[in-house]
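Each chain is listed here by its residues.
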Amino acid sequence: MSQPIPSLPASAVMTIERHILMEQSRFPDSSGSLTNLLYDLALAAKLIASRTQRGALTDILGSAGHDNVQGEEVQKLDVYAQRIIYQLTDHTGRLCCMASEEEKEIIPIPDPYPTGDYVLVFDPLDGSSNIDYNVAVGTIFAIFRRRTPSGPGTTADVLRSGREIVAGGYLVYGSSTMLVYTTGHGVNGFTLEPSIGEFLLTHPNIRIPDKPKYYSVNQGNEKYWTEGVRRYTRWLQGEEGNTRALGLRYIGSMVADVHRTLLGGGVFYYPADAKDPQKPQGKLRLLYEAVPMAYLIEQAGGYGSTGRGPVLDVTPTSLHQRTPVFVGSRDLVEQAEAFIARHDG
Ligand code: P6P
C-alpha cells in the first residue's frame, strides 16, 4: 500500500531531488537505489545540457567520424552524452548492466564495481542529426528491476516488456532543458534553472489534453506507408468522415515531437514503412524509445500502440529491435489501430 505523499505548501520550491525523495516515500521498504539512480540521471542531464546549450561555442557539434550500430553517423554530442551517462552510473552499485542505442551489446558493469538491482536502457541523445541546426534533441531512458538474482546482468535482465518498467522518462534540450519522468504514479515535468543548476517542478501531474492539436509524422514517407496508415493520415486531416481536422507539426526529433504531443494533445507516429528493407518495422527502437514514451504517455492518460496493440505488451527479442509507434491521445491512437485492422488485414 503506497504511503500518502505529504503535502507541501504551494510556496515550497520543489526540486527534482525533493520530488524523487517524496516519490520514494510511497515505497517504505525501498533501498533508495532507484532514487539515487534517478539523481544520477538528473546530474547527467545537467552536464549534457551544459554542452547542448552552448552549441557551436564548444567543439561539440558535428560528426564524431564514425557510424553506430544503427548505421547512423555518430555526432560528437552522442559520444559525450553516452560517456556521461555511463561514467555517472557504472560504479554506483545500482545497476547490473545497461543498454544504449549507441552500443551493439549489453554494457556490463566494469570490475571492480559491484552490480546492483536495476537495469538502465537509454538513448543518450535522440535526434542528434538535428544538433547542428539548433533543433531540440533529447535523452530517453527506462529502468527495470533485474530479473536474474545476482552477478553481471544478462539479456534476460534487459529484454523486458514495458509492463515491467519501474521508471521512465526523457530529457528535452530545447529552448529550456526539461526532465519529464514517471515512476508509475503520474507524470511530472521539471525545468532546469541554469542560474542555480536545479531542476524545478514546473509541470506537476501532466495529463494529455482531451482536445488534440496536431498530428505528427514524416509525411515525406507517405508513399512507403500501408493503405491503412495513408487513410488514417487523411482522416486526421479531416477526410474519411472526420470533422476535426488537425494541423501537422513534425520536428524530426522524437523527444521534441512526443513532448509537444504530451503537453498539447494529438498523436505522434512513425509507422512501419517500405522505405528501407532493413527497417520494415519503421525506424524507432522498441526498448529505449517506444517503451519509455508509451509508458509515460499512458501514465498521462494517453496510449501507446504498435498499430496492432499496446507497445507495452511487446517483449523484445533483440536489443535494437524496431517497432512502429503511435503515441498520444487515446482516441486518436485507437483510430490508427482501427484503420490498420480494416485496411491492412
Ligand atoms: P525521420 C532521430 O534520428 C530519430 O531517431 C527520432 O528522434 C525521430 O523521431 C526520427 O528519427 C526521425 O526520422 O525519418 O523522420 O528523419
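The rules behind the values
Residues numbered from 1 in each chain as written. Predicted model: local features only at pLDDT ≥ 70, side-chain atom pairs only at ≥ 80, totals over all residues. Heavy atoms only, no water. Domains from an automatic or database assignment. Buried area = accessible area lost by both parts, 1.4 Å probe. Salt bridge = Lys/Arg side-chain N within 4 Å of Asp/Glu carboxyl O. Polar contact = N/O pair within 3.5 Å; in protein donor to acceptor, adjacent residues only side chain to side chain. Helix = DSSP H or I, 4+ residues; strand = E, 2+ residues; numbered from the N terminus. Buried < 20%, exposed > 50% of the residue type's maximum accessible area, 1.4 Å probe, protein only. Pairing = 2+ DSSP bridges. Contact = heavy atoms within 4.5 Å. Axes fitted to C-alpha atoms, helices over the stretch in contact; angles between N-to-C directions. Near = heavy atom within 4 Å. Areas by Shrake-Rupley, 256 points an atom, 1.4 Å probe, with all protein chains shown as cover. Nonpolar A, V, L, I, M, F, W, Y, C, P; charged D, E, K, R; others polar. Parallel < 35°, antiparallel > 145°, perpendicular 65-115°, else oblique. Left-handed = near helix turned anticlockwise from the far one by under 90°.

Focus on the domain arrangement of the protein chain
Each domain of the protein chain was delimited in the assignment, giving domain 1 (16-203) and domain 2 (214-344). Inter-centroid distance (C-alpha atoms) of domain 1 to domain 2 is 23 Å. Contact between domain 1 and domain 2 buries roughly 2,900 Å² in total, counting both sides, with carbon and sulfur atoms accounting for 63%. For the domain 1 face of the interface with domain 2, the top three residues by lost area are L159, R163 and Y170, together amounting to 21%. Linking domain 1 with domain 2 are two salt bridges. Here R285 ties to E101 by a salt bridge, and the two come within 3.0 Å at their closest N and O atoms. The tally of links between domain 1 and domain 2 comes to 14 residue pairs in polar contact (both at pLDDT 80 or more). At the level of elements, β3 (95-100), β5 (118-126), β6 (137-145), β7 (165-173) and β8 (177-182) are the ones that each hand at least two residues to the side of domain 1 that touches domain 2.

Here's the deal with the pattern of salt bridges
Charged atoms that come close allow side chains of opposite charge to pair. Per the stated rule, a full pass over the model turns up 14 salt bridges. K46 is the salt-bridge partner of E17, the closest N and O atoms lying 3.7 Å from each other. One end of the pair, E17, is in helix α1 (residues 16-24); the other, K46, is in helix α2 (residues 33-52), with 29 residues separating them in the sequence. E17 sits in the partly exposed class, given a relative accessible area of 22%. For R260, the salt bridge goes to D257, with nearest N and O atoms at 3.1 Å. Remark: D257 and R260 occur in helix α6 (residues 254-264); sequence separation between them is three residues, near one turn of the helix. There is no split in this pair, since R260 and D257 are both buried.

Re the sheet that holds strand β15 (residues 325-328)
Read across the open sheet, the five strands follow the order β12-β11-β13-β15-β14; overall the sheet is mixed. The sheet is open, and its two borders are formed by β12 (247-248) and β14 (303-305), each paired with just one other strand. Across three bridges, strand β11 (residues 214-216) lies against strand β13 (residues 266-270) in parallel orientation. Of the residues in β13, the one forming a bridge with S216 is F268. Contacts from α6 reach β11, β13 and β15, with the element oriented near 155° to β13.

Focus: the sheet that holds strand β10 (residues 198-203)
If you walk across this open sheet you meet the eight strands as β4-β3-β5-β6-β7-β8-β9-β10, and the pairing is mixed. At either end of the open sheet lies a strand with only one pairing partner, and these are β4 (107-108) and β10. This element, α6, spans β5, β6, β7, β8 and β10 of the sheet and lies at about 105° to β7. Of the strands in this sheet, β3, β5, β6, β7 and β8 touch helix α7 (residues 286-299), which is tilted by about 100° from β7.

Some thoughts on the site of the ligand
Taken together, D126, G127, N218, Y250, G252, S253, M254, F268, Y270, K283, L284 and R285 make up the full set of residues near the ligand. Within the side chain of N218, one N or O atom sits 2.9 Å away from an oxygen atom of the ligand. For the ligand, an oxygen atom lies 2.8 Å from a polar atom in the backbone of M254. Computed on the free molecule, the ligand has an accessible area of 390 Å², of which 85% lies beneath the protein chains in the complex. Of the residues contributing to the shell around the ligand, the split by class is five nonpolar, four polar and three charged.

What to know about the side chain of T177
Inspection of the secondary structure assignment puts T177 in strand β8. Judged by relative accessible area, which is 3%, T177 ranks as buried. A distance of 3.2 Å separates the side chain of T177 from the side chain of Q53, its partner in a polar contact.

Re the pairing of strand β9 (residues 188-193)
The element β9 is extensively covered by neighbouring structure, given that five of its six residues are classed as buried. As judged from the four bridges shared by β8 and β9, these two strands associate in the antiparallel manner. Within the sheet, the bridge partner assigned to Y181 lies in β9 and is N188. If you look at the hairpin formed by β8 and β9, you'll find five residues sitting between the two strands, and G184 has a positive phi there, around 100°. When β9 meets β10, the two strands line up antiparallel, connected through five bridges. Bridging across to β10, F190 finds its partner in L201.

Side note on the packing of α2 against helix α3 (residues 76-89)
One way to put it is that α2 packs onto α3 with a least axis distance of 9 Å and a crossing angle of 150°. Viewed along their axes, α2 and α3 adopt a mutual orientation that is roughly antiparallel. Judged by the twist between their axes, the crossing of α2 over α3 is right-handed. Contacts from L37, D40, L41, L43, A44, L47, I48, S50, R51 and T52 of α2 reach α3 at L77, Y80, A81, I84, I85, L88 and T89. For the contact of α2 with α3, the class distribution of residues is 12 nonpolar, three polar and two charged.

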